[in-house]
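Each chain, letter by letter, is given below.
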Amino acid sequence: MNHAAAAESLDLASLGGSLIDGGWRAAEERFPTLDPSTGAKLAEVALGRGPEVDAAVAAARAAFEGPWSQMGPGRRREALARLSELTAAAEKDLAQVEALDVGTPVGVARKLTVRAAAKSLSYYASWIDKLYGDVVPVATAQPILDFTLREPVGVVAAIVPWNTPLLFVGSKLGPALACGNTVVVKPSEIAPLSILRWSALCAGAGIPPGVVNVVPGDGETGRLLASHPGVDLVSFTGGSETGPRVAAAAAGKRIALELGGKSPALVFADADLDKAAMAVALGVFGLSGQACAASSRLLVEASVHDALLERIVEVARALAPGDPLDPATSLGPLASERQLRRVEGHVARARTDGARLVTGGERPGGELAGGWFFSPTVFDGVDPGAALAREEVFGPVLAVLSFRDEEEAVALANATSFGLAAGVFARDVSRVLGLARRLRAGTVWVNGYGQIPNQAPFGGVRGSGFGREGGREALETYTQVKNVLIEL
Ligand code: NDP
């Protein structure tokens with residue numbers, strides 16, 4: 001693993017500042033960002049505090065009231081489309097930065113985060129000249145013309161986590177910029193480099209200074225930004241414990257929260273078991289389990305339990321972790337030592353709670369021993385009341401539970417505080433349609449798992465948050481409606 005040479009050739013050490021009003025700004029304090037494959041330091045990054053947050057919000061406000069709104073929809077669309085092209089053109093380098101800073105395998109990062117970000121920017125660029133208002137048929141005796149204008153909200157704080165940083169560039173900045181807002185992004189301290197690197201593309205796309213600002217830092221930086229009086233909307237993705245804290249800091253502002261999940265995959269006896277096994281395994285082990293919609297709970301009909309488990313274990317064993325810079329690798333390390341410790345804690349607890357470890361449950365040795373790698377892990381016979389059946393692990397750990405009939409399956413599926421996504425594998429159409437309605441989740445996938453197309457809304461219910469990213473629904477999040485009433 002020659003990560004040091006890769007970090008040097010990408011010049012990661014130069015990504016040390018905040019991007020504010022189109023320029024790089026140093027901070028008094030700095031923090032190290034580490035390579036999860038080796039534990040080595042990649043760069044020292046500016047720790048944003050009050051002065052940086054104030055300056056970034058002021059720059060975003062000035063750009064919102066000035067050049068960005070004066071550009072008009074046509075030129076904004078051109079700029080966003082160009083930003084999409086530049087993002088796609090930088091795919092190789094950006095994916096390598098994510099491989100080094102997050103641990104996402106380069107092949108996965110190219111497709112899942114960088115290409116997805118470019119596609120999302122392009123998708124939302126094409127919405128810019130389609131944001132219509134309505135003419136309202138007001139029922140009064142007096143003649144009145146009443147119509148609505150769909151307007152940007154203003155300055156958006158985008159607070160994003162470490163698991164797929166560039167994916168959020170597409171899903172948050174795409175609609176935010178398309179709707180005419182300006183943005184201050186706060187990447188996670190665990191993996192700030194890919195967003196910093198990407199943000200340098202904005203100028204070349206003709207996006208005016210101050211429209212996109214990036215203030216790296218920690219949770220306190222996020223709190224300062226969420227509570228800043230100059231911010232109009234806080235769009236947050238992260239943990240379910242942090243979400244309410246962000247909501248409290250942002251009191252009085254518009255807010256969208258995309259939080260975690262403990263998403264169930266329900267597999268019935270009539271399902272295509274090969275397809276279900278592959279989808280569930282990739283759904284929970286992909287990104288080393290660090291995905292909000294991971295299929296971390298398998299609910300399987302008792303009569304096919306053994307046949308399905310055998311297939312899943314086969315996939316799990318074939319998915320050995322490896323060097324994320326190697327294009328052949330499909331599983332990298334966990335993003336931080338803290339996350340590795342969390343996952344190990346969940347595994348230890350599952351063992352003492354009496355679940356049966358079928359495969360994994362340990363860190364691979366050899367060349368990977370110095371990094372935060374963890375093997376794909378399957379626990380069978382998990383008690384529905386146990387922590388592993390209820391709490392988000394955010395690691396490559398699958399909890400397997402069995403059910404006897406549909407009623408029991410639905411009761412188990414809905415028995416957590418979350419509601420982000422669910423998967424159903426079955427051939428009986430009326431069962432599928434009934435379950436799609438009864439499962440408490442923002443997304444239900446049927447006979448597949450994990451596809452999030454740009455055109456479709458994505459987000460949670462209950463403890464998984466509210467607000468939608470993706471599709472036309474995201475335009476609702478990033479705009480507000482003004483009513484104009486004219487007495488004729
Ligand atoms: P957090 O929720 O803490 O982090 C998300 C973002 O919020 C980061 O940029 C973080 O900064 C920032 N932040 C932290 N505290 C505050 C605050 N008080 N106000 C404003 N912003 C804040 O995720 P963690 O890294 O702690 O992960 C914890 C758990 O969250 C994971 O184990 C997993 O279960 C879940 N998670 C879910 C994700 C999802 O996609 N839904 C993504 C990531 C995590 P910083 O990282 O610099 O502290």
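Residues numbered from 1 in each chain as written. Predicted model: local features only at pLDDT ≥ 70, side-chain atom pairs only at ≥ 80, totals over all residues. Heavy atoms only, no water.

### Section: the sheet that holds strand β17 (residues 421–425)
Counted only if it meets this: Paired strands are those between which DSSP finds at least two bridges. In DSSP terms, a helix is any run of H or I states spanning at least four residues, a strand is any run of E spanning at least two, and both are numbered starting from the N terminus. Axis definition: a line fitted to C-alpha atoms, over the contacting stretch in the case of helices. Angles run 0 to 180 degrees between N-to-C directions.
Spatial strand order, β14-β15-β16-β13-β12-β17-β18: seven strands in an open sheet with mixed pairing. Each having just a single partner strand, β14 (356–359) and β18 (443–446) make up the two edges of the open sheet. Strand-to-strand twist in this sheet, taken as the mean axis angle between neighbours without regard to direction, amounts to 25 degrees.

### Side note on the packing of helix α15 (residues 406–413) against helix α16 (residues 429–438)
We apply this condition: Oblique is the label for every angle not falling under 35 degrees (roughly parallel), over 145 degrees (roughly antiparallel), or within 65 to 115 degrees (roughly perpendicular). Throughout, a crossing is termed right-handed when the near helix is turned clockwise from the far one, and left-handed when it is turned anticlockwise from it by less than a right angle. Two residues qualify as a contact provided that any one of their heavy atoms is within 4.5 Å of a heavy atom in the partner residue.
Interhelical geometry of α15 versus α16 gives an angle of 30 degrees and a closest axis separation of 11 Å. In terms of orientation, α15 lies roughly parallel with respect to α16. The two elements α15 and α16 meet at a crossing, and its hand is right-handed. On α16, the residues that touch Glu-406, Glu-407 and Val-410 of α15 are Arg-431, Leu-435 and Arg-438.

### Concerning helix α4 (residues 91–101)
Since the α-helix turns once every 3.6 residues, residues separated by three or four places project in the same direction. Counted only if it meets this: Throughout, exposure labels follow a simple rule: accessible area from a 1.4 Å probe, protein chains only, divided by the maximum for the residue type, with under 20% read as buried, over 50% as exposed, and the rest as partly exposed.
Taken across its 11 residues, α4 has eight buried, putting it largely inside the fold. Those residues of α4 lying buried are Glu-91, Leu-94, Ala-95, Val-97, Glu-98, Ala-99, Leu-100 and Asp-101. Immediately downstream of α4, the backbone of Gly-103 shows phi near 95 degrees, a positive value.

### A short note on the sheet that holds strand β5 (residues 135–136)
Sheet architecture is open: three strands sit in the order β5-β6-β20, paired in antiparallel fashion. Of all strands in the sheet, those with a lone pairing partner are β5 and β20 (479–487), marking the two edges. Pairing geometry for β5 and strand β6 (residues 144–152), over two bridges, is antiparallel. Residue pairing across strands places Val-136 opposite Asp-146, the latter belonging to β6.

### Details of helix α2 (residues 50–70)
Applied cut-off: Each helix should span, by expectation, one fewer than its residue count multiplied by 1.5 Å. Note on bend: the value at a residue is the angle between axes fitted to the seven residues ending there and to the seven starting there.
Taking 1.5 Å per residue, 21 residues should reach 30 Å; α2 reaches 29 Å between its end C-alpha atoms and fits that length. The sharpest bend along α2 reaches about 50 degrees and sits at Phe-64, with the proline Pro-67 one to four residues further on. Turning to α2, its buried residues are Glu-52, Val-53, Ala-56, Val-57, Ala-59, Ala-60, Ala-63, Phe-64, Gly-66 and Trp-68. Gly-72 occupies a position one or two residues after α2 and carries a positive phi of about 75 degrees.

### Here's the deal with the domain arrangement of the protein
For an interface, size is often stated in terms of accessible area lost upon the parts coming together. For clarity, the cut-off: What marks off one domain from the next here is an automatic or database domain assignment. By buried area we mean the combined loss of accessible area, with a 1.4 Å probe, across both parts when two parts are placed together. Salt bridge, as applied in this entry: a Lys or Arg side-chain nitrogen positioned within 4 Å of an Asp or Glu carboxyl oxygen. Polar contacts here mean pairs of N or O atoms no more than 3.5 Å apart (in protein, one a potential hydrogen donor and the other a potential acceptor; neighbouring residues in sequence count only if both atoms are side-chain atoms).
Each assigned domain of the protein is listed here: domain 1 (3–259 + 465–487) and domain 2 (264–454). Facing 33 residues of domain 1, the contacting portion of domain 2 comprises 28 residues. Interface area for domain 1 against domain 2, summed over the two sides, is near 2,200 Å², with a carbon-plus-sulfur share of 63%. Among the residues of domain 1 in contact with domain 2, Pro-36, Pro-105 and Trp-162 are the three that bury the most area, contributing 24% of the side total. Counting across the interface, domain 1 meets domain 2 through zero salt bridges. In this assembly, domain 1 and domain 2 are joined by six residue pairs in polar contact (both at pLDDT 80 or more). Looking at the side of domain 1 that touches domain 2, the element that brings in the most residues is helix α5 (residues 106–125), giving eight residues.

### Description of the side chain of Thr-479
With respect to the element layout, Thr-479 can be found in strand β20. Within the local environment of Thr-479, its side chain forms a polar contact with the side chain of Arg-150, the two groups lying 2.6 Å apart. A polar side-chain atom of Thr-479 sits 2.5 Å from the main-chain carbonyl oxygen of Leu-475. Contact partners of Thr-479, with chain neighbours within four places excluded, come to Arg-150, Glu-151, Val-153, Cys-179 and Arg-254.

### A look at the pattern of salt bridges
Tallied over the full model, the rule gives 22 salt bridges. Arg-110 serves as the salt-bridge partner of Glu-91, at 2.7 Å between the closest nitrogen and oxygen. Taken together, the residues Glu-91 in helix α4 and Arg-110 in helix α5 connect sequence positions 19 residues apart. When its relative accessible area of 10% is taken as the criterion, Glu-91 is described as buried. For the salt bridge of Glu-406 with Arg-431, the shortest nitrogen-to-oxygen distance reads 2.9 Å.

### A short note on the site of the ligand
What counts is decided by this rule: By convention in these notes, a residue is near a molecule or strand provided one of its non-hydrogen atoms lies within 4 Å of it. Each accessible area is a Shrake-Rupley result for a 1.4 Å probe, and residues are judged covered by the shown protein chains and nothing else. Residues are grouped as follows: nonpolar covers Ala, Val, Leu, Ile, Met, Phe, Trp, Tyr, Cys and Pro; charged covers Asp, Glu, Lys and Arg; every other residue, Gly included, is treated as polar.
Taken together, 30 residues lie near the ligand, and Trp-162, Ser-188, Gly-239, Thr-242 and Glu-392 sit nearest. Between an oxygen atom of the ligand and a side-chain N or O atom of Lys-186, the distance comes to 2.8 Å. Burial of the ligand by the protein amounts to 91% of the accessible area it has alone, namely 860 Å². If you list the elements that add at least two residues to the shell around the ligand, you get α9 (219–226), β10 (233–237), α10 (242–249) and α13 (337–352). The residue makeup of the shell around the ligand, split by class, is 10 nonpolar, 11 polar and nine charged. Summarising the domain contributions, the shell around the ligand has at least three residues from each of domain 1 (3–259 + 465–487) and domain 2 (264–454).

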